Amino acid sequence: MARIGRLAAFGIFALISAPIQGGLASEASTPVAVAARLSQVENTATLVFDLSRSVEATASVLSSPDRIVIEMPQVNFQLDPSVGRVGAVPNGFVVKSFRFGLLAAGRSRIVIDLARSACPAQVFAKPIVEGEPAARLTIELKPCDPSAFAALARSSAVATASVSSATNPAQPIIVLDPGHGGVDGGARGLNGVQEKTLVLSFCAELKRQLDAAKRYTVLMTRDGDQYVDLDDRVAMARKANASLFISVHADTLSEDKSVSGSTVYTVADHASDAEAARIAARENAAGRPSGSSGRSENPDVADILFDLKRRETRTYAHIFSRGLVDNLRGAAKLNHNPERSAGFVVLKAPEFPSVLVELGYLSNIQDVEALASQEWRGKAAAAMVKTIDAFFAGAGMPGNSPAESGVASSTVPTSAPSAH
């Protein structure tokens, strides 16, 4: 039997808990995880976390790759992340690794990477000693058929465990980011159009449609002709506990006016192509005050946070991007390479999925006419709303089942996204 023993109470998370949790929750009110143990044999795996007090936990599944995801309120994991490295997994065993961490303000997550299809058999929290606050969160997994696993991926929730009453999740928070503004006009195109004006009009239409759906809380980083620094845009989304961040822009390419169409970008350490690198460099430079290189970060803490969170966040961003491109096909002309990636500053936050949408090219007359058209804006915004609905409902992206898209509704962020 593979077993991971009790760990010291102050591991690597203790080093970063202060900067992460300051202002989010008091030490007294935030549960602390001080130990984790994994026990598994061929037909069962049990993962246990010892907590200073009980929490509500919800289990769900993700596919491609197969994972079990445990969502819970904020927990201070005073554990070394290496506890989740299981090592060699014998044939027939279920768990190959697990990880944990702060997901966003007020939310934490445990992700269990599976060696084979397995379903949650039990997820429960109970006091270690009756009458005392310290509790033990137990997650029991058992092998199941791939078809059963896929069925769970389609369901809205797999299991809920708590020693207190469950609360309804808040509406997902969508942050719309109209690019540029104020002294930063962005790209200037044919007929004198300006990027900052067109993207604000589009975001206003998108917000109108989302508000009409009454399923989301929708915020905008600017609602008029104001200049907003890139870092401040991301900070606004963080403060709002964003579930999804959509930055909206329009490009120009004076040397080739035939280039046209919409493009959806996700973040990447290395640009997918030279054009993506050019656009990211332009947007990153335009959205910063002169001489600014961005606010300083503790590189060690940033590395730890990104390792814990960004992989899942980027997966969600790619799922959303794929769905948005599919839905835009019927509403707008797409660029010849509509899915790209680059190092956009506004997409680098690890707490929530983010995409940047270039609506079109202001150097192309057909794109300019489309972006200036209320009818076009309405159709393109409706395609985005359809994608957002599918993303948060867990119905999967167009053309894919939920299992194929790798997302189930309870694994998609609600009051603050999902991404670890």
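Note that the structure is predicted; figures quoted are calculated from it, not measured.

Once that is clear, we can look at the pattern of salt bridges. Counting across every chain of the model gives 16 salt bridges. In this structure, Lys196 engages Asp225 in a salt bridge whose closest nitrogen and oxygen atoms are separated by 3.1 Å. With Lys196 in helix H3 (residues 195–213) and Asp225 in the loop between strand E13 (217–220) and helix H4 (230–239), the pair connects residues that are 29 residues apart, well separated along the chain. Residue Arg238 pairs with Glu351 through a salt bridge whose shortest N-O separation is 2.8 Å. Of the two residues, Arg238 sits in helix H4 while Glu351 sits in the loop between strand E16 (334–342) and strand E17 (354–361), which places them 113 residues apart along the sequence. Residue class for Glu351 comes out buried when judged on its relative accessible area of 15%. Ionic contacts of the salt-bridge type, sharing partners, join the residues Arg37, Asp50 and Arg136 into one network.

A separate point is helix H8 (residues 374–393). With 20 residues, H8 extends 28 Å between its outermost C-alpha atoms, agreeing within 8% with the 28 Å of an ideal straight helix rising 1.5 Å per residue. The residue sitting at the N-terminus of H8 and contributing the capping side-chain oxygen is Ser373; that oxygen lies 3.2 Å from the backbone nitrogen of Glu375.

Attention now moves to the sheet that holds strand E12 (residues 173–178). As summarised here, the arrangement of the 6 strands in space is E13-E12-E14-E17-E15-E16, forming an open sheet in which the pairing is mixed. The sheet is open, and its two borders are formed by E13 and E16, each paired with just one other strand. Going from strand to strand, the sheet's axes swing by 20° on average, the running direction of each strand aside. As paired strands, E12 and strand E14 (residues 244–251) are joined by 5 bridges and run parallel to one another. What sits directly across from Pro178, in E14, is Val248. Set on the sheet, H3 makes contact with E12, E13, E14 and E17; between it and E12 the angle comes to about 160°.

So, how was this worked out
Residues numbered from 1 in each chain as written. Predicted model: local features only at pLDDT ≥ 70, side-chain atom pairs only at ≥ 80, totals over all residues. Heavy atoms only, no water. Salt bridge = Lys/Arg side-chain N within 4 Å of Asp/Glu carboxyl O. Helix = DSSP H or I, 4+ residues; strand = E, 2+ residues; numbered from the N terminus. Buried < 20%, exposed > 50% of the residue type's maximum accessible area, 1.4 Å probe, protein only. Expected span 1.5 Å × (residues − 1). Polar contact = N/O pair within 3.5 Å; in protein donor to acceptor, adjacent residues only side chain to side chain. Pairing = 2+ DSSP bridges. Axes fitted to C-alpha atoms, helices over the stretch in contact; angles between N-to-C directions. Contact = heavy atoms within 4.5 Å.

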